[in-house]
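The residues making up each chain are set out below.
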Amino acid sequence: MSEARDAVAFVGLGKMGLPMAKRLVEGGIRTVGYDVGPAARDSFAAAGGEVADSAAVAVAGAATVILMLPDSGIVESVLDDPEVVAALAPGTTVVDMSSSEPARTRALAERLAARGIPMIDAPVSGGVARAVTGKLAVMVGGDDADVERAEPLLTLLGTIYRSGGVGSGHAVKALNNLMSATHLLVTSEAILAGRRFGLDPAQVLEIVNASSGRSGSTENKWPRFVLPGTYDSGFGLRLMLKDMRIAVALADQVGLPSRLGADAVELWAKAAEELPADADHTEIARWLDERAAPPAGD
Ligand code: NAD
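Looking at an unreviewed UniProt entry, one finds the chain named NAD(P)-dependent oxidoreductase and attributed to Actinacidiphila acididurans. In UniProt, the chain has this text filed under Sequence similarities (unreviewed entry): "Belongs to the HIBADH-related family."

Right, here's the structure in full:
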(Lines give C-alpha, C1' and ligand atoms only; values in the text may rest on other atoms or scores of the structure.)
Protein backbone atom coordinates (compact mmCIF):
# COMPACT_ATOMS: atom_id res chain seq x y z
CA MET A 1 0.00 0.00 0.00
CA SER A 2 1.40 3.42 -0.94
CA GLU A 3 1.83 6.36 1.44
CA ALA A 4 -1.02 8.82 1.96
CA ARG A 5 1.04 11.49 0.17
CA ASP A 6 0.93 9.30 -2.95
CA ALA A 7 -2.85 9.00 -2.81
CA VAL A 8 -4.93 9.44 -5.95
CA ALA A 9 -8.35 11.07 -6.09
CA PHE A 10 -10.37 9.52 -8.94
CA VAL A 11 -13.40 11.55 -10.01
CA GLY A 12 -15.85 9.87 -12.42
CA LEU A 13 -16.44 6.15 -11.82
CA GLY A 14 -18.50 5.42 -14.93
CA LYS A 15 -18.08 2.76 -17.62
CA MET A 16 -14.39 3.65 -18.06
CA GLY A 17 -13.53 5.29 -14.74
CA LEU A 18 -14.62 2.36 -12.58
CA PRO A 19 -12.36 -0.28 -14.18
CA MET A 20 -9.50 2.25 -14.39
CA ALA A 21 -9.78 3.18 -10.71
CA LYS A 22 -9.93 -0.54 -9.86
CA ARG A 23 -6.64 -1.07 -11.72
CA LEU A 24 -5.00 1.56 -9.52
CA VAL A 25 -6.31 -0.14 -6.36
CA GLU A 26 -5.03 -3.51 -7.67
CA GLY A 27 -1.68 -1.81 -8.34
CA GLY A 28 -1.40 -0.93 -4.65
CA ILE A 29 -2.25 2.76 -5.06
CA ARG A 30 -4.38 4.34 -2.37
CA THR A 31 -7.30 5.58 -4.48
CA VAL A 32 -10.17 7.68 -3.19
CA GLY A 33 -13.03 7.65 -5.67
CA TYR A 34 -15.94 9.99 -6.17
CA ASP A 35 -18.86 9.94 -8.60
CA VAL A 36 -22.05 11.96 -8.47
CA GLY A 37 -23.96 8.66 -8.87
CA PRO A 38 -24.37 6.61 -5.67
CA ALA A 39 -24.45 3.30 -7.63
CA ALA A 40 -21.02 4.06 -9.13
CA ARG A 41 -19.64 4.86 -5.66
CA ASP A 42 -21.06 1.60 -4.31
CA SER A 43 -19.48 -0.38 -7.17
CA PHE A 44 -16.08 1.13 -6.39
CA ALA A 45 -16.45 0.44 -2.66
CA ALA A 46 -17.43 -3.17 -3.48
CA ALA A 47 -14.20 -3.45 -5.50
CA GLY A 48 -12.13 -2.44 -2.47
CA GLY A 49 -11.79 1.28 -3.26
CA GLU A 50 -12.15 4.11 -0.75
CA VAL A 51 -15.11 6.33 -1.49
CA ALA A 52 -15.61 10.02 -0.69
CA ASP A 53 -18.95 11.86 -0.38
CA SER A 54 -17.82 14.76 -2.53
CA ALA A 55 -15.13 15.67 -5.03
CA ALA A 56 -13.70 18.11 -2.47
CA VAL A 57 -13.25 15.36 0.11
CA ALA A 58 -11.68 13.07 -2.52
CA VAL A 59 -9.08 15.62 -3.66
CA ALA A 60 -8.08 16.79 -0.17
CA GLY A 61 -4.60 15.43 0.53
CA ALA A 62 -4.27 13.70 -2.85
CA ALA A 63 -0.97 13.93 -4.74
CA THR A 64 -2.74 13.33 -8.04
CA VAL A 65 -6.31 14.01 -9.13
CA ILE A 66 -7.55 11.94 -12.07
CA LEU A 67 -10.78 12.95 -13.83
CA MET A 68 -12.73 10.55 -16.07
CA LEU A 69 -15.85 12.59 -16.77
CA PRO A 70 -18.09 13.01 -19.82
CA ASP A 71 -16.81 16.34 -21.18
CA SER A 72 -14.98 19.65 -20.64
CA GLY A 73 -18.02 21.36 -19.14
CA ILE A 74 -18.25 18.77 -16.36
CA VAL A 75 -14.47 18.70 -15.79
CA GLU A 76 -14.55 22.49 -15.35
CA SER A 77 -17.58 22.36 -13.08
CA VAL A 78 -15.77 19.92 -10.78
CA LEU A 79 -12.44 21.77 -10.72
CA ASP A 80 -14.04 25.23 -10.40
CA ASP A 81 -16.32 24.17 -7.53
CA PRO A 82 -15.29 26.50 -4.67
CA GLU A 83 -15.00 23.58 -2.23
CA VAL A 84 -12.70 21.73 -4.63
CA VAL A 85 -10.68 24.91 -5.22
CA ALA A 86 -10.20 25.21 -1.45
CA ALA A 87 -9.28 21.52 -1.06
CA LEU A 88 -6.89 21.24 -4.02
CA ALA A 89 -3.40 21.93 -2.64
CA PRO A 90 -0.71 23.60 -4.75
CA GLY A 91 1.60 20.95 -6.19
CA THR A 92 -1.22 18.43 -6.75
CA THR A 93 -1.03 17.08 -10.31
CA VAL A 94 -4.34 17.14 -12.18
CA VAL A 95 -4.75 14.53 -14.94
CA ASP A 96 -7.80 14.87 -17.20
CA MET A 97 -8.33 11.45 -18.79
CA SER A 98 -11.78 12.38 -20.15
CA SER A 99 -12.15 13.12 -23.86
CA SER A 100 -12.29 16.90 -23.45
CA GLU A 101 -11.90 19.92 -25.73
CA PRO A 102 -8.23 20.81 -26.36
CA ALA A 103 -8.67 24.62 -26.26
CA ARG A 104 -10.66 24.46 -23.01
CA THR A 105 -8.04 22.12 -21.56
CA ARG A 106 -5.29 24.63 -22.32
CA ALA A 107 -7.29 27.44 -20.73
CA LEU A 108 -8.03 25.31 -17.65
CA ALA A 109 -4.36 24.31 -17.35
CA GLU A 110 -3.40 28.00 -17.37
CA ARG A 111 -5.92 28.82 -14.64
CA LEU A 112 -4.65 25.92 -12.51
CA ALA A 113 -0.99 26.79 -13.15
CA ALA A 114 -1.65 30.27 -11.76
CA ARG A 115 -2.53 28.52 -8.47
CA GLY A 116 0.59 26.30 -8.61
CA ILE A 117 -1.34 23.24 -9.80
CA PRO A 118 0.15 21.45 -12.82
CA MET A 119 -2.23 19.77 -15.26
CA ILE A 120 -1.77 17.22 -18.01
CA ASP A 121 -4.30 15.62 -20.34
CA ALA A 122 -4.30 11.85 -20.83
CA PRO A 123 -7.38 10.69 -22.76
CA VAL A 124 -7.57 7.03 -23.71
CA SER A 125 -8.63 4.66 -26.46
CA GLY A 126 -9.43 0.96 -26.25
CA GLY A 127 -12.87 0.94 -24.67
CA VAL A 128 -14.15 -0.77 -21.55
CA ALA A 129 -12.50 -4.12 -22.40
CA ARG A 130 -9.01 -2.61 -22.45
CA ALA A 131 -9.76 -0.41 -19.41
CA VAL A 132 -10.39 -3.67 -17.50
CA THR A 133 -7.12 -5.28 -18.64
CA GLY A 134 -5.00 -2.11 -18.31
CA LYS A 135 -4.17 -2.10 -22.00
CA LEU A 136 -5.50 1.30 -23.03
CA ALA A 137 -3.68 3.63 -25.43
CA VAL A 138 -3.04 6.72 -23.26
CA MET A 139 -2.44 9.94 -25.23
CA VAL A 140 -0.50 12.29 -23.00
CA GLY A 141 -0.08 16.04 -23.38
CA GLY A 142 1.83 18.18 -20.91
CA ASP A 143 5.23 19.29 -19.64
CA ASP A 144 7.83 16.53 -19.28
CA ALA A 145 8.23 16.84 -15.50
CA ASP A 146 4.45 16.71 -14.93
CA VAL A 147 4.05 13.72 -17.23
CA GLU A 148 6.95 11.89 -15.55
CA ARG A 149 5.29 12.27 -12.15
CA ALA A 150 2.06 10.73 -13.45
CA GLU A 151 3.77 7.97 -15.45
CA PRO A 152 3.76 5.24 -12.76
CA LEU A 153 -0.03 5.63 -12.47
CA LEU A 154 -0.70 5.87 -16.20
CA THR A 155 1.34 2.75 -16.97
CA LEU A 156 -1.02 0.77 -14.72
CA LEU A 157 -3.78 1.79 -17.13
CA GLY A 158 -2.09 1.26 -20.48
CA THR A 159 0.68 2.33 -22.83
CA ILE A 160 1.69 5.97 -22.86
CA TYR A 161 1.95 7.85 -26.15
CA ARG A 162 3.27 11.42 -25.82
CA SER A 163 1.56 13.92 -28.10
CA GLY A 164 3.08 17.30 -27.12
CA GLY A 165 2.03 20.09 -24.78
CA VAL A 166 -1.07 20.21 -22.62
CA GLY A 167 -4.26 19.85 -24.71
CA SER A 168 -2.51 17.83 -27.43
CA GLY A 169 -3.76 14.50 -26.07
CA HIS A 170 -7.31 15.79 -26.28
CA ALA A 171 -6.72 16.94 -29.86
CA VAL A 172 -5.39 13.52 -30.94
CA LYS A 173 -8.24 11.76 -29.15
CA ALA A 174 -10.93 13.81 -30.89
CA LEU A 175 -9.28 13.37 -34.30
CA ASN A 176 -8.96 9.62 -33.66
CA ASN A 177 -12.65 9.38 -32.85
CA LEU A 178 -13.66 11.37 -35.92
CA MET A 179 -11.77 8.77 -37.97
CA SER A 180 -13.22 5.88 -35.99
CA ALA A 181 -16.82 7.15 -36.23
CA THR A 182 -16.49 7.84 -39.94
CA HIS A 183 -15.05 4.34 -40.53
CA LEU A 184 -17.94 2.82 -38.61
CA LEU A 185 -20.47 4.78 -40.62
CA VAL A 186 -19.08 3.92 -44.05
CA THR A 187 -18.39 0.31 -42.99
CA SER A 188 -22.02 -0.01 -41.92
CA GLU A 189 -23.31 1.54 -45.16
CA ALA A 190 -21.09 -0.78 -47.23
CA ILE A 191 -21.98 -3.97 -45.37
CA LEU A 192 -25.70 -3.18 -45.44
CA ALA A 193 -25.50 -2.54 -49.19
CA GLY A 194 -23.58 -5.81 -49.61
CA ARG A 195 -26.22 -7.71 -47.64
CA ARG A 196 -29.00 -6.32 -49.84
CA PHE A 197 -26.94 -7.43 -52.86
CA GLY A 198 -27.05 -10.95 -51.41
CA LEU A 199 -23.68 -11.10 -49.62
CA ASP A 200 -23.24 -12.61 -46.17
CA PRO A 201 -22.00 -9.84 -43.78
CA ALA A 202 -19.77 -12.29 -41.88
CA GLN A 203 -18.10 -13.34 -45.12
CA VAL A 204 -17.71 -9.74 -46.22
CA LEU A 205 -15.97 -8.95 -42.91
CA GLU A 206 -13.65 -11.93 -43.24
CA ILE A 207 -12.61 -10.86 -46.74
CA VAL A 208 -12.29 -7.15 -45.90
CA ASN A 209 -10.19 -8.00 -42.83
CA ALA A 210 -7.68 -9.63 -45.20
CA SER A 211 -7.93 -6.62 -47.54
CA SER A 212 -7.40 -2.88 -47.65
CA GLY A 213 -10.83 -1.79 -46.32
CA ARG A 214 -10.16 -3.13 -42.82
CA SER A 215 -10.33 -0.90 -39.74
CA GLY A 216 -11.26 -1.10 -36.06
CA SER A 217 -14.86 -1.20 -37.28
CA THR A 218 -14.37 -4.31 -39.43
CA GLU A 219 -11.93 -6.04 -37.06
CA ASN A 220 -13.63 -5.24 -33.76
CA LYS A 221 -16.92 -3.32 -33.71
CA TRP A 222 -18.92 -5.11 -36.39
CA PRO A 223 -17.88 -8.68 -35.42
CA ARG A 224 -18.20 -8.10 -31.65
CA PHE A 225 -21.17 -5.78 -31.24
CA VAL A 226 -23.14 -5.42 -34.50
CA LEU A 227 -23.25 -8.93 -36.03
CA PRO A 228 -24.30 -10.59 -32.74
CA GLY A 229 -26.85 -7.78 -32.23
CA THR A 230 -25.63 -6.93 -28.70
CA TYR A 231 -24.69 -3.27 -29.32
CA ASP A 232 -22.93 -3.21 -25.95
CA SER A 233 -19.43 -1.83 -26.51
CA GLY A 234 -19.90 0.46 -23.48
CA PHE A 235 -19.18 3.69 -25.40
CA GLY A 236 -22.22 5.93 -25.71
CA LEU A 237 -23.37 7.29 -29.07
CA ARG A 238 -23.64 10.82 -27.68
CA LEU A 239 -20.08 10.70 -26.32
CA MET A 240 -18.85 9.72 -29.79
CA LEU A 241 -20.83 12.59 -31.33
CA LYS A 242 -19.28 15.00 -28.81
CA ASP A 243 -15.78 13.87 -29.87
CA MET A 244 -16.61 14.18 -33.58
CA ARG A 245 -17.84 17.74 -33.02
CA ILE A 246 -14.62 18.62 -31.18
CA ALA A 247 -12.55 17.32 -34.10
CA VAL A 248 -14.65 19.04 -36.77
CA ALA A 249 -14.42 22.33 -34.82
CA LEU A 250 -10.65 21.91 -34.55
CA ALA A 251 -10.39 21.37 -38.32
CA ASP A 252 -12.50 24.51 -38.92
CA GLN A 253 -10.38 26.49 -36.48
CA VAL A 254 -7.14 25.71 -38.33
CA GLY A 255 -8.72 26.50 -41.71
CA LEU A 256 -8.93 22.90 -42.97
CA PRO A 257 -12.64 22.09 -42.68
CA SER A 258 -13.48 18.38 -42.81
CA ARG A 259 -16.36 18.08 -45.28
CA LEU A 260 -16.69 14.34 -44.79
CA GLY A 261 -16.46 14.83 -41.02
CA ALA A 262 -19.23 17.45 -41.10
CA ASP A 263 -21.48 15.06 -43.08
CA ALA A 264 -20.74 12.28 -40.61
CA VAL A 265 -21.61 14.60 -37.70
CA GLU A 266 -24.93 15.41 -39.35
CA LEU A 267 -25.86 11.71 -39.58
CA TRP A 268 -24.69 10.87 -36.06
CA ALA A 269 -26.60 13.90 -34.71
CA LYS A 270 -29.78 12.63 -36.41
CA ALA A 271 -29.23 9.19 -34.87
CA ALA A 272 -28.66 10.82 -31.45
CA GLU A 273 -31.99 12.63 -31.80
CA GLU A 274 -33.87 9.43 -32.62
CA LEU A 275 -32.19 6.87 -30.35
CA PRO A 276 -32.58 6.54 -26.56
CA ALA A 277 -30.26 8.63 -24.36
CA ASP A 278 -28.14 5.66 -23.37
CA ALA A 279 -27.72 4.22 -26.90
CA ASP A 280 -24.35 2.59 -27.56
CA HIS A 281 -22.34 4.11 -30.41
CA THR A 282 -22.41 0.81 -32.33
CA GLU A 283 -26.18 1.31 -32.67
CA ILE A 284 -25.39 3.66 -35.54
CA ALA A 285 -25.30 0.48 -37.69
CA ARG A 286 -28.77 -0.68 -36.58
CA TRP A 287 -30.14 2.87 -36.99
CA LEU A 288 -28.84 3.05 -40.58
CA ASP A 289 -30.37 -0.35 -41.31
CA GLU A 290 -33.76 0.56 -39.84
CA ARG A 291 -34.05 3.89 -41.62
CA ALA A 292 -32.92 2.52 -45.01
CA ALA A 293 -35.45 2.91 -47.83
CA PRO A 294 -37.01 -0.39 -48.98
CA PRO A 295 -35.36 -1.99 -52.00
CA ALA A 296 -36.45 -0.51 -55.34
CA GLY A 297 -39.49 -2.38 -56.68
CA ASP A 298 -40.89 -3.25 -53.21
P1 NAD B 1 -19.92 7.39 -18.35
O2 NAD B 1 -21.07 8.27 -18.65
O3 NAD B 1 -20.13 5.91 -18.21
O4 NAD B 1 -19.18 7.89 -17.00
C5 NAD B 1 -19.09 9.22 -16.61
C6 NAD B 1 -19.27 9.25 -15.11
O7 NAD B 1 -19.11 10.60 -14.64
C8 NAD B 1 -20.68 8.80 -14.66
O9 NAD B 1 -20.57 7.73 -13.74
C10 NAD B 1 -21.28 10.06 -14.04
O11 NAD B 1 -22.15 9.78 -12.95
C12 NAD B 1 -20.03 10.79 -13.60
N13 NAD B 1 -20.25 12.23 -13.39
C14 NAD B 1 -20.95 13.09 -14.17
N15 NAD B 1 -20.90 14.33 -13.63
C16 NAD B 1 -20.17 14.24 -12.50
C17 NAD B 1 -19.75 15.18 -11.52
N18 NAD B 1 -20.10 16.45 -11.61
N19 NAD B 1 -19.00 14.73 -10.49
C20 NAD B 1 -18.65 13.42 -10.39
N21 NAD B 1 -19.00 12.49 -11.29
C22 NAD B 1 -19.76 12.90 -12.33
O23 NAD B 1 -18.83 7.70 -19.46
P24 NAD B 1 -17.56 6.82 -19.87
O25 NAD B 1 -17.95 5.94 -21.00
O26 NAD B 1 -16.92 6.26 -18.67
O27 NAD B 1 -16.64 7.98 -20.51
C28 NAD B 1 -15.91 8.89 -19.72
C29 NAD B 1 -15.01 9.70 -20.66
O30 NAD B 1 -14.14 8.81 -21.36
C31 NAD B 1 -15.80 10.47 -21.74
O32 NAD B 1 -15.15 11.68 -22.00
C33 NAD B 1 -15.72 9.53 -22.95
O34 NAD B 1 -15.88 10.25 -24.15
C35 NAD B 1 -14.34 8.93 -22.76
N36 NAD B 1 -14.12 7.60 -23.33
C37 NAD B 1 -15.05 6.60 -23.22
C38 NAD B 1 -14.76 5.34 -23.75
C39 NAD B 1 -15.74 4.18 -23.65
O40 NAD B 1 -15.52 3.16 -24.32
N41 NAD B 1 -16.79 4.26 -22.84
C42 NAD B 1 -13.52 5.10 -24.36
C43 NAD B 1 -12.59 6.13 -24.42
C44 NAD B 1 -12.90 7.38 -23.90
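(A) Inspection of the pairing of strand E8 (residues 136–141) at higher detail. Most of E8 sits out of view: six of its six residues are buried. Of the two faces of E8, both are covered, the one formed by Leu136, Val138 and Val140 as well as the one formed by Ala137, Met139 and Gly141. Across two bridges, strand E7 (residues 124–125) lies against E8 in antiparallel orientation. Bridge pairing links Val124 to Val138 in E8. Both E8 and strand E9 (residues 158–164) contribute to a ladder of six bridges, which runs parallel. The partner of Leu136 across the bridge, within E9, is Gly158.

(B) Expanded view of the UniProt feature "domain: 3-hydroxyisobutyrate dehydrogenase-like NAD-binding" (unreviewed entry) in the chain. Under the present numbering, the feature "domain: 3-hydroxyisobutyrate dehydrogenase-like NAD-binding" (unreviewed entry) in UniProt falls on residues 167–288. Secondary structure across residues 167–288 comprises 72% helix and 0% strand; the distance between its end C-alpha atoms is 34 Å.

(C) Highlighting the packing of helix H1 (residues 17–26) against helix H2 (residues 38–46). In contact at an axis separation of 10 Å, H1 and H2 are set at 25° when each is read in the N-to-C sense. Relative to H2, the element H1 lies roughly parallel. The two elements H1 and H2 meet at a crossing, and its hand is right-handed. Counting all contacts with H1, which are made through Leu18, Ala21, Lys22 and Val25, the residues of H2 involved are Ala40, Ser43 and Phe44. The residue makeup of the contact of H1 with H2, split by class, is five nonpolar, one polar and one charged.

(D) Molecular detail of the confidence of the model for the chain. In this model, the chain carries a mean pLDDT of 96, and residues with pLDDT of at least 70 account for 98%. This model gives residues 1–5 a pLDDT under 50, and the stretch forms eight contacts once residues within four places in sequence are excluded.

(E) Just the packing of helix H9 (residues 168–197) against helix H12 (residues 237–253), in detail. Contact geometry of H9 with H12 gives a least axis separation of 8 Å together with a crossing angle of 110°. Compared by their axis directions, H9 and H12 come out roughly perpendicular. Relative to H12, the crossing made by H9 is left-handed. On H12, the residues touching Ala171, Lys173, Ala174, Leu175, Asn177, Leu178, Ser180 and Ala181 of H9 are Met240, Asp243, Met244, Ile246, Ala247, Val248 and Leu250. Classifying every residue of the contact of H9 with H12 gives eleven nonpolar, two polar and two charged.

(F) Broad picture of the pattern of salt bridges. Applying the stated rule across the entire model yields eleven salt bridges. Two residues, Arg30 and Glu50, come together in a salt bridge whose shortest N-O distance is 2.9 Å. Of this pair, Arg30 sits in the loop between H1 and strand E2 (31–34) while Glu50 is found in strand E3 (residues 50–51), placing the two residues 20 residues apart along the sequence. For Arg30, a relative accessible area of 28% corresponds to the partly exposed category. Of the residues examined, Glu50 reaches a relative accessible area of 36% and is grouped as partly exposed. Of the charged contacts, one joins Asp146 and Arg149 as a salt bridge, the two residues approaching to 2.8 Å between their closest N and O atoms.

Calculation notes
Residues numbered from 1 in each chain as written. Predicted model: local features only at pLDDT ≥ 70, side-chain atom pairs only at ≥ 80, totals over all residues. Heavy atoms only, no water. UniProt positions renumbered as here; feature names shortened; annotations may be inferred. Buried < 20%, exposed > 50% of the residue type's maximum accessible area, 1.4 Å probe, protein only. Helix = DSSP H or I, 4+ residues; strand = E, 2+ residues; numbered from the N terminus. Pairing = 2+ DSSP bridges. Axes fitted to C-alpha atoms, helices over the stretch in contact; angles between N-to-C directions. Parallel < 35°, antiparallel > 145°, perpendicular 65-115°, else oblique. Left-handed = near helix turned anticlockwise from the far one by under 90°. Contact = heavy atoms within 4.5 Å. Nonpolar A, V, L, I, M, F, W, Y, C, P; charged D, E, K, R; others polar. pLDDT = per-residue confidence, 0-100. Salt bridge = Lys/Arg side-chain N within 4 Å of Asp/Glu carboxyl O.

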